[in-house]
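These are the residues of each chain, in order.
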Amino acid sequence: MIYNSIVDTIGNTPLVKLNNVTKGIAGTIVAKVEYFNPGNSTKDRMAIKMIEDAEKAGLLKPGGTIIEGTSGNTGMGLALAAIARGYRCIFTMADKQSQEKINILRAVGAEVIVCPTNVSPEDPRSYYSIARKLNKEIPNSFYPNQYDNLSNTAAHYETTGPEIWKQTEGKITHYVATVGTGGSMCGTAKYLKEQNPDIVTVGIDTYGSVFKKYKETGIFDEKEIYPYLTEGFGEDILPKNVNFDVIDLFIKVTDKDGAVGARRLSREEGLFVGWSSGSAIHGALEYAREHLKKDDIMVILLPDHGTRYLAKVYNDQWMKDHGFLETRAFGSARDIIASRNGKDSLHTVNKATTVSEAIRVMSREGIDQIPILEHENFVGSVHASSLLERIIQDPQLHTKTVYDVMDKPMLFVAPDSTLDVLSSLLNKDNKAVLVRDELDKVHIITQHDVLKAMSS
Ligand SMILES: Cc1ncc(COP(=O)(O)O)c(C=O)c1O
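Keep in mind that this is a model prediction, so the values were computed, not measured.

The rules behind each value
Residue numbers run consecutively from 1 along every chain, following the written order of its sequence. Confidence filtering applies because this is a predicted model: local features only for residues at pLDDT of at least 70, side-chain atom pairs given and counted only at 80 or more, and all residues used for totals across whole chains, interfaces and linings. No hydrogens and no water enter the side-chain calculation; it runs on all heavy atoms of the structure. Any Lys or Arg side-chain nitrogen located within 4 Å of an Asp or Glu carboxyl oxygen qualifies as a salt bridge. Labels follow the DSSP assignment, with helices taken as runs of H or I lasting at least four residues and strands as runs of E lasting at least two, numbered in each case from the N terminus. Burial status follows relative accessibility: with a 1.4 Å probe on protein chains alone, a residue under 20% of its type maximum counts as buried, one over 50% as exposed, and anything between as partly exposed. What the arc describes is the spread of directions from the helix axis to the C-beta atoms. We call two residues in contact when some of their heavy atoms are within 4.5 Å.

Asker: Describe the pattern of salt bridges, with residues and values.
Answerer: Going through the model one piece at a time under the given rule, you end up with 29 salt bridges. Of the charged contacts, one joins R85 and E55 as a salt bridge, the two residues approaching to 3.1 Å between their closest N and O atoms. In this pair, R85 sits in helix α2 (residues 73–85) while E55 sits in helix α1 (residues 43–56), placing the two residues 30 residues apart along the sequence. R85 sits in the partly exposed class, given a relative accessible area of 31%. A salt bridge links D221 to K213, with the nearest nitrogen and oxygen atoms 2.7 Å apart. The class of D221 is buried, set by a relative accessible area of 13%. K213 sits in the partly exposed class, given a relative accessible area of 26%.

Have a look at this one:
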C-alpha cells in the first residue's frame, strides 16, 4: 500500500505487553506506544485533526500561517500537516524545553520563538501570550490553541479510544495517561467509558501542577504551581480539553521518578521513550501494585520517543547533576536541611518590593540573595553585591521594583542532590539553589552551606 502523504500514516500504533518492569504485579500491563506515529508522538493525532476541522470551519485558508504555543510534539504534528497542505508554521515554546525539540521543529521548516518558562501565563512574555499576539498581528493566521480546542479531545475519541478497545478486544479494565492539554487522556477515556463505564481511568500529574488538587477539592490552588522539569504534561491552567468527569483519579509523579521510569522502559523493555512516558509508567505501577487483579488489563499511553531527551534523561552526567542518579559519597541537600533542625526559614520578597526595601531585608536578615515571588511563584532573584554595584552606576535604581532589575529565578534541586552536585551548580551565576521538601517547604542552600557541610 502507498500512502498519499506522511500524515496518512498517523494512528494505529501498536499495543505492547510489558514483561519486566511489571514483575510481581498481578494482571496484564500493556503500553500504547505512540512514538510509532510519524512525528514520534501521540500529538500527531490531534494536530492533523485541529487543521482539518479548521479548514472545514473556514478558519484556515490556503497560504495561511499556523501559530501555536507548543512543548514541541504538537508543533511536530502541525509542521508535518503544514507541509502536506502548504501552510507556514510559527511556534512559541518555553525555554525549559529541550534544545533537541527546538532543533527538530526547525528541521521540518517551522519558525520557533523561545519564551521564558517562569512567568505566569498572563505575562506578555509567556509563550501563551506571544502566540496570541502573533495571531492578532499576522493576517490569515490560525491559532489552533491545543489547550482549549476540542478537536484535540475529538481526535483521541475518534482514534486512540477505538484502537485500544479493538486491540484489547474490549477487555481493558484500566487506562493510564499523562495529562497536559488533556486530549489524550480525556478523548480516549470518554470513548472507553462509553463502551464500559467500569473502566478505571488514572491521570498522571506532576508536582508543580494544579490538576490533582483541583480534581480532589474543586479548588484551583496557585500554591500548587511551581517550576518543574518534566516536559509535556501538568499545567498551571485548566485547559478546556481536561474533562475531570472522565478522569477517576490523579497520581503525582516527581521529575526524578519520571526520568528513572523512562530509563527503565528503555533498558528493561526496549522501549526507548520520552520523559513523560517514564512518569506514566511510574504512576501506573504505583497504582497497579495496590489495585490490579489477576484478570485486569491496564493500558498505559506512552506519549513520545527518547531521542528528544538524549541531552537530559539519557545523559548520565545530567542525571547526576540533578540528583537523579544517586551517588551518596558525600552528604546531600537533605542532610544540610536536617542539620538546621527545622530552624531555617526562607526569606522572600514580592515582585512589587522596591530595590531599597529588598536591600534592607537582606541586611537585616544577614543574607546575600533573596528570591522574588509573584503569587507564590518563584519568578526571579536579586543579589546584594550585584545590586550595590548597579546602584553605584545608577543612583535612581533603588526606587525601582525588584521585578524591574531581577536576575533569573534560583534553580530547584531534588532533596537527594549530593554535595558534589550542589557545588557544581553553585557558581558566580547561581549563588543559591532551592529545595522543596516532602512537606512542601522550600529551603535555600548557598555555597557557604555546601562548604560548611563538606568540611564538617
Ligand atoms: C511528551 C508529552 N507527554 C505528555 C503530553 C500530554 O498529552 P496531552 O496534551 O494529550 O494531555 C504531551 C503533550 O504535549 C507531551 O508532549
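Asker: Go over unusual backbone geometry, please, and point to the residues and values.
Answerer: Phi is positive for N12, close to 50°, though the residue is something other than glycine. Positionally, N12 belongs in the segment before β1 (15–17). One non-glycine residue, D440, adopts positive backbone phi at about 75°. Residue placement: D440 occurs in the loop between β15 (432–436) and β16 (442–446).

Asker: Can you tell me about helix α12 (residues 355–365), naming the residues and giving the values?
Answerer: Residues spaced three or four apart along an α-helix point in a common direction, a consequence of the helix completing one turn every 3.6 residues. Residues of α12 that are buried include every one of V355, A358, V361 and M362, and no others. For α12, the angular spread of buried residues about the axis comes to 120°, placing them on one side. The exposed set on the far side of α12, more than 90 degrees from its buried face, consists of S363 and R364. Those residues of α12 that are buried lie in contact with β11 (349–350), β12 (369–374), β13 (377–383), α13 (384–393) and α14 (402–405). Looking at the residues trailing α12, positive phi occurs at G366, about 70°.

Asker: Give a description of the side chain of T65 that names residues and reports values.
Answerer: Mapped onto the secondary structure, T65 falls in strand β3 (residues 65–69). Relative accessible area serves as the criterion here: at 5%, T65 is assigned to the buried category.

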